[in-house]
Amino acid sequence: MQQKFLLLILLISTTVLANALPPKGDFYQIKVYHLKSADQLLMMDDYLKNAYLPALHKAGIKSVGVFKPIANDTATEKLVYVFIPFSSQDKWMNTTDKLSKDAAYMSASKSFVEAASDHAPFERMESILLEAFSGQPHLVLPAGKNAERVFELRSYESPTENLHKKKMAMFNTGGEIPLFNRLGFNPVFYGKVISGSHMPNFMYMPIFESIEQRNAQWKRFGDDPVWKDISNRPENENKVSVSHIDSILMQATDYSDI
């Protein structure tokens, strides 16, 4: 009787503890394909539209973003960004195995995956793995679709791990995320890079209706008194916490889910 009572107490305590813990956030993968020709772009679009995205949908991943930089048309090196959200780290780890067992995907992707070396579909591919910020632990999708909409992928590198943590804290607990929300930046995600070629680093993706609106929004942000207060707090070390910022303006492809 006493043993059953102790087991019941243990079960209740475990349940209470589990409910008290903050919800686990998403994991994100960003694949960056580097291309050099229009032919490679056609092969890439065909693979993503007709093989990869349908297979991810079948595996339970419904909102995959495919983006191309606005400068792609005139750039010598053309880029394609594929943004894949996962509900957990295990989901990310298991997806490749699921795809390898998907006969429809294996058939549809054959010409892309097994392309001849003198007709390669891309020059190289990068993979970046991110863990969602606690301040926005899950993907936030924009309402509807708009071909003119501009997605800005921003990347903040820091010179040290400590300054990297301080800069992330400005977002998670220091007021930057609520400020972005108030000003209507509508970020799709914020994520700490846990594996990638540029670290320590984090990335996020606000959305704008046009480049003109994007420029106006960033001016509003810079002039906002809340941002001036956050950035001038001595504990934030804002002026030295970031060593390099990348900003890539992109638009979604017609087959992107986002």
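Calculation rules
- Residues numbered from 1 in each chain as written.
- Predicted model: local features only at pLDDT ≥ 70, side-chain atom pairs only at ≥ 80, totals over all residues.
- Heavy atoms only, no water.
- Core = buried A, V, L, I, M, F, W, Y, C linked by side-chain atoms within 4.5 Å.
- Buried < 20%, exposed > 50% of the residue type's maximum accessible area, 1.4 Å probe, protein only.
- Helix = DSSP H or I, 4+ residues; strand = E, 2+ residues; numbered from the N terminus.
- Contact = heavy atoms within 4.5 Å.
- Polar contact = N/O pair within 3.5 Å; in protein donor to acceptor, adjacent residues only side chain to side chain.
- Phe/Tyr/Trp six-rings, centres within 6.5 Å; stacked < 30°, edge-to-face > 60°.
- Arc of directions from axis to C-beta.
- Salt bridge = Lys/Arg side-chain N within 4 Å of Asp/Glu carboxyl O.
- Pairing = 2+ DSSP bridges.
- Axes fitted to C-alpha atoms, helices over the stretch in contact; angles between N-to-C directions.
- Parallel < 35°, antiparallel > 145°, perpendicular 65-115°, else oblique.

J.: Break down the nonpolar core for me, citing the residues and quoting the values.
T.: Residues Tyr 47, Leu 48, Tyr 52, Val 80, Val 82 and Ile 84 are the most contacted members of the largest nonpolar core, which totals 24 residues. Taken together, the elements giving at least two residues each to this core come down to strand 1 (27-35), helix 2 (38-58) and strand 3 (78-86). When residues of this core are assigned to their parent elements, the largest contribution, 9 residues, is made by helix 2. Ignoring anything within four residues of it in the chain, the contact list for Tyr 47 reads Tyr 33, Tyr 52, Tyr 105, Ser 109 and Phe 112. Grouped together as the second largest cluster of nonpolar side chains are 21 residues, Tyr 81, Ile 128, Val 188 and Phe 189 included.

J.: Residues and numbers for the side chain of His 34, please.
T.: Inspection of the secondary structure assignment puts His 34 in strand 1. Side chain to side chain, His 34 and Glu 77 meet in a polar contact 2.8 Å long. Here the side chain of His 34 touches Glu 126 through a polar contact of 2.6 Å, side chain to side chain. Beyond its immediate sequence surroundings of up to four residues, His 34 is in contact with Glu 77, Lys 78, Leu 79, Phe 122, Glu 123, Arg 124 and Glu 126.

J.: How would you sum up the packing of aromatic side chains? Please name residues and give values.
T.: Enumeration according to the criterion identifies 31 aromatic pairs in this entry. Ring geometry for Tyr 28 versus Phe 189: centroids 5.2 Å apart, planes at 55 degrees, classification tilted. A residue pair is termed long-range when its members are at least 10 positions apart, and Tyr 28 in strand 1 and Phe 189 in the loop between helix 7 (176-182) and strand 6 (190-195) qualify at 161 residues. Take Tyr 28 and Phe 189: they sit in the same class, and that class is buried. Arranged with centres 5.5 Å apart and planes meeting at 75 degrees, the rings of Phe 185 and Phe 208 form a pair that is edge-to-face. With Phe 185 in the loop between helix 7 and strand 6 and Phe 208 in strand 8 (residues 207-208), this residue pair connects regions lying 23 residues apart in the sequence. For the pair formed by Phe 185 and Phe 208, the shared burial category is buried. One aromatic cluster in this structure is built from Phe 133, Tyr 156, Phe 171, Phe 180, Phe 185, Tyr 190, Phe 202, Tyr 204, Phe 208, Trp 218, Phe 221 and Trp 227.

J.: With reference to specific residues and values, describe helix 9 (residues 225-232).
T.: Along helix 9, the residues that are buried comprise Trp 227, Ile 230 and Ser 231. Buried positions in helix 9, seen along its axis, are confined to an arc of 90 degrees and lie on one side of it. Turned more than 90 degrees from where helix 9 packs its buried face, Pro 225 and Asn 232 sit exposed. On the buried face of helix 9, the contacting elements are helix 6 (161-172), helix 7 and helix 8 (211-223). By the N-cap criterion, in which a side-chain oxygen at the helix start approaches the backbone nitrogen of a residue two or three places on, helix 9 is capped by Asp 224, the distance to Val 226 being 2.8 Å.

J.: Residue-level account of the pattern of salt bridges, with values.
T.: Enumeration over the complete set of coordinates arrives at 13 salt bridges. With a closest N to O distance of 3.9 Å, Glu 126 and Arg 124 form a salt bridge. A residue is classified by how much of its surface remains accessible, and Arg 124, at 44% relative accessible area, is partly exposed. We note a salt bridge from Arg 154 to Glu 152, for which the minimum N-O separation is 2.8 Å. For Glu 152, a relative accessible area of 0% gives the class buried. One connected set of salt bridges, linked through shared partners, spans Glu 152, Arg 154 and Arg 214.

J.: Kindly report on the pairing of strand 6, identifying the contributing residues and their values.
T.: As paired strands, strand 4 (residues 124-132) and strand 6 are joined by 4 bridges and run antiparallel to one another. Note on strand 6: the bridge partner recorded for Glu 131 is Lys 192. Summarising the sheet, strand 6 and strand 7 (residues 201-204) pair through 3 bridges and their orientation is antiparallel. Pairing of Lys 192 across the sheet is with Phe 202, part of strand 7. In this antiparallel pair of consecutive strands, strand 6 and strand 7, the connection spans 5 residues.

J.: For the packing of helix 8 against helix 9, give the residues involved together with the corresponding values.
T.: The relative placement of two packed helices is expressed as an angle between their axes plus a distance between the axes. At their nearest, the axes of helix 8 and helix 9 sit 5 Å apart, and the two run at 60 degrees to each other. One element, helix 8, and the other, helix 9, form an angle in the oblique class. Residue-level contacts link Phe 221, Gly 222 and Asp 223 of helix 8 to Pro 225, Trp 227 and Lys 228 of helix 9.

J.: Describe the environment of Asp 254, and please don't skip the residues or the numbers.
T.: You can see Asp 254 is positioned in the segment after strand 9 (244-252). In this structure Asp 254 comes out as exposed when scored by relative accessible area, which is 68%. Each C-alpha atom, one on Asp 254 and one on Glu 209, is 16 Å from the other, the two residues being 45 residues apart in sequence.

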